[in-house]
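Fold and geometry: a report
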Amino acid sequence: MKTLDRKAAEIFRALLALQTTKIDNSDGTYMPVYLELIGRIDNYNFFSLAHYGQQNGDAMRDPEMLFALHKETQQFIPYYYRNDYCGIEQNSVKWSEDGIFLNRRLQAEHTTFANQWLRNIAVQQGIL
């Protein structure tokens, strides 16, 4: 599985270090970022990272990504992407009792996107 590159992982750790679910340092210029621990199994902690907009009073993910943090290696694995405005929902890795199921091409695309998105978030929110 592909993992975040060094810089993106550093940004993710900096977001986690803030110990808050909402990060909004841009005075409304950019969308706030929401970070939440959503679960734990075996050797992984799972996190949601998202921007939210609104449409007809409904919260819209723009986008949301899910990441698995491997507890031993401390590496972040992007594995899910959703953008409600575009009607896209992609799951590139699935953990189950039967093992881990991986779509390598899609998971590589999720990792490439996440590396750039985290850099954008760092600039927009003044992180690092």
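Being a predicted model, the structure only gives us computed values, none of them experimental. (Residues numbered from 1 in each chain as written. Predicted model: local features only at pLDDT ≥ 70, side-chain atom pairs only at ≥ 80, totals over all residues. Heavy atoms only, no water.)

Thoughts on the sheet that holds strand E4 (residues 58-70)
Keep this limit in mind: If DSSP finds at least two bridges between two strands, the strands pair. We count a stretch as a helix when DSSP gives it H or I for four or more residues in a row; a strand needs E for two or more, and each element gets its number in order from the N terminus.
Pairing within the open sheet is antiparallel, and its six strands lie in the order E1-E2-E3-E4-E5-E6. Each having just a single partner strand, strand E1 (22-23) and strand E6 (88-91) make up the two edges of the open sheet. Pairing of E1 with strand E2 (residues 33-41) involves two bridges; the strand directions are antiparallel. Along E2, the bridge assignment pairs isoleucine 23 with valine 33.

Some words on helix H1 (residues 6-17)
To be explicit about the condition: In this analysis, the expected span of each helix is defined as 1.5 Å times one less than the number of residues it contains. Each residue gets one of three labels from its accessible area relative to the maximum for its type: buried under 20%, exposed over 50%, partly exposed in between, using a 1.4 Å probe on protein chains only.
With twelve residues, H1 should cover 16 Å at 1.5 Å per step; its first-to-last C-alpha distance of 16 Å lies within 8% of that length. Among the residues of H1, those classed as buried are Ala8, Ala9, Ile11, Phe12, Ala14 and Leu15. Two residues or fewer past H1, glutamine 19 is found with a positive phi of approximately 50°.

Things to note about the UniProt feature "domain: DUF6908" (unreviewed entry) in the protein chain
Stated precisely, the cut-off is as follows: UniProt positions are given in the numbering used here, feature names are shortened, and annotations may be inferred rather than shown by experiment.
On the UniProt side, "domain: DUF6908" (unreviewed entry) is annotated at positions that read residues 18-125 here. Helix makes up 20% of residues 18-125 and strand 52%. Its end C-alpha atoms lie 12 Å apart.

Observations regarding helix H2 (residues 104-125)
Helix length check: H2 (22 residues) gives 31 Å between terminal C-alpha atoms against 32 Å at 1.5 Å per residue, within 8%. Within H2, burial applies to Leu106, Gln107, His110, Thr111, Ala114, Asn115, Trp117, Leu118, Ile121, Ala122 and Gln125. Positive phi shows up at glycine 126, right after H2, with a value of about 65°.

A look at a nonpolar patch on the surface
To keep it simple, the criterion reads: Within the patch definition used here, like charges are joined within 9 Å and nonpolar side chains (Val, Leu, Ile, Met, Phe, Trp, Tyr) within 5 Å, considering only residues with over 30% relative accessible area and no salt bridge. For the accessible areas, the method is Shrake-Rupley and the probe is 1.4 Å, while residue cover comes only from the protein chains on display. Salt bridges are defined as contacts in which a side-chain nitrogen from Lys or Arg sits within 4 Å of a carboxyl oxygen from Asp or Glu.
There is a patch of nonpolar side chains on the surface, built from Met1, Ile100 and Leu102 and spanning about 230 Å² of accessible area. Inspection of the secondary structure puts isoleucine 100 in strand E8 (residues 99-102).

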